[in-house]
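So the chains spell out like this:
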Amino acid sequence: MTGFARAEGQQGAASWAWEVKSVNGKSLDLRFRLAPGFEALEVPVRTSLAERLRRGNVSVSLAVTRQAAGAQAQLRVNRELLAQVVALAREIAAELDAAPPRVDGLLGIRGVLEAGSEEETPEQRERFLETVLASWNETLDALLRARAEEGARLHEVLSTRIDEIAALVGEAEGSAAAQPGAIQARLRTLVAALLEAGAPVPEERLAQEAALLVGRADVREEIDRLTAHVAAARALLAEAAPVGRRLDFLCQEFNREANTLCSKSADLDLTRIGLALKAVIEQFREQVQNIE
């Protein structure tokens, strides 16, 4: 499902802006672009998204502008993390006989550089990160509201498509080609034609062919399954939980029965209904890709 949300905040000389965008996706794919020095926020942000979303390609960005006493905010080195990275790099370089790491490469590692000011204490920075993270929660709530609004609109579209599928299934059920009497009449016509032609057909073989013909022509089983799928789709749309994946699977079942209906049909009217059914099912499937 698609959605967009933005939240801004300010604390002292620092200001920030969260942006999150969500587009359709079969699974949950998260991408982040956070301001330098704020990479530690990715873990809680990722966790909150995974807890509240199931599908979608989600992009999160955080921009921070921070000044102290009229000057630009400074970058500080997280020396504890840098020491760990350097120790590991030296150990690996000794094992592989590789060149020592370059300074620019070390500084480019996420978390080594942190945004801050000379006067900021660790406690102040921690409180600032907590404030920015609280602002993210507001952003996520706004995104979910946007997705819920789109979901309400999609619910109407999907309900309409299900009604169209149900109507076509009803037409197929009422079609003359789907009636037992029509199947029997067709069978009698074929048997009479064979007998008139004087074809030496053993009665046992004739019975086998007749049974096979009836099985191929009878579409009542497909119609019954389509009717059951319509009921299942309506039940899923009535649930409050995410149902996108289950509806996606149900679309495959719809398609399977519609294809069988068309392949069995020897009647132009029933074939027309089957093709129309396949078209509506495809429209339904396309919209299912957009929901949670």
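A. Main features of the pairing of strand β1 (residues 3-11). Relative to strand β2 (residues 14-23), β1 runs antiparallel, the two sharing 9 bridges. Looking at the pairing, Gln10 lines up with Ser15 of β2. The loop that links β1 with its antiparallel partner β2 comprises 2 residues; one of these, Gly12, has a positive phi angle of about 65°.

B. Seen up close, the packing of aromatic side chains. Throughout the structure, instances matching the rule amount to 4 aromatic pairs. Aromatic side chains Trp16 and Phe128 sit 5.6 Å apart centroid to centroid with 80° between the ring planes, which places their arrangement in the edge-to-face category. Within this pair, whereas Trp16 is found in strand β2, its partner Phe128 is found in helix α4 (residues 122-174), the two being separated by 112 residues in sequence. The pair formed by Trp16 and Phe128 is uniform in burial state, with each residue classed as buried. A centroid spacing of 6.3 Å and a plane angle of 80° characterise the contact between Phe254 and Phe284, whose relative ring orientation is edge-to-face. Of this pair, Phe254 sits in helix α8 (residues 244-264) while Phe284 sits in helix α9 (residues 268-288); the two residues are 30 residues apart in sequence, bridging distant segments of the chain.

C. Fine view of helix α1 (residues 42-52). Of all the positions in α1, only Glu42, Val45, Ser48 and Leu49 are classed as buried. In a view along the axis of α1, the buried residues occupy a sector of 135°, so they form one face of it. Residues of α1 that are exposed and angled more than 90 degrees away from the buried face: Val43 and Glu51.

D. A nonpolar patch on the surface, seen in detail. A contiguous nonpolar surface patch, about 320 Å² in accessible area, is contributed by Leu88, Ile92 and Leu96. For Leu96, the location among the structural elements is in helix α2 (residues 79-96).

E. Focus on the packing of α4 against helix α7 (residues 220-238). α7 packs onto α4 with a crossing angle of 165° between their chain directions and a minimal axis gap of 10 Å. By the angle class used here, α4 and α7 are roughly antiparallel. Judged by the sense of rotation from one axis to the other, the crossing of α4 with α7 is left-handed. Seen from α4, the contacting residues are His155, Leu158, Ser159, Ile162, Asp163, Ile165, Ala166, Val169, Ala172 and Glu173; seen from α7, they are Ile223, Leu226, Thr227, Val230, Ala233, Arg234 and Leu237. For the contact of α4 with α7, a count of residues per class yields 11 nonpolar, 3 polar and 3 charged.

Rules behind the numbers
- Residues numbered from 1 in each chain as written.
- Predicted model: local features only at pLDDT ≥ 70, side-chain atom pairs only at ≥ 80, totals over all residues.
- Heavy atoms only, no water.
- Pairing = 2+ DSSP bridges.
- Helix = DSSP H or I, 4+ residues; strand = E, 2+ residues; numbered from the N terminus.
- Phe/Tyr/Trp six-rings, centres within 6.5 Å; stacked < 30°, edge-to-face > 60°.
- Buried < 20%, exposed > 50% of the residue type's maximum accessible area, 1.4 Å probe, protein only.
- Arc of directions from axis to C-beta.
- Patch = residues over 30% accessible without salt bridge, like charges linked within 9 Å, V, L, I, M, F, W, Y side chains within 5 Å.
- Areas by Shrake-Rupley, 256 points an atom, 1.4 Å probe, with all protein chains shown as cover.
- Salt bridge = Lys/Arg side-chain N within 4 Å of Asp/Glu carboxyl O.
- Axes fitted to C-alpha atoms, helices over the stretch in contact; angles between N-to-C directions.
- Parallel < 35°, antiparallel > 145°, perpendicular 65-115°, else oblique.
- Left-handed = near helix turned anticlockwise from the far one by under 90°.
- Contact = heavy atoms within 4.5 Å.
- Nonpolar A, V, L, I, M, F, W, Y, C, P; charged D, E, K, R; others polar.

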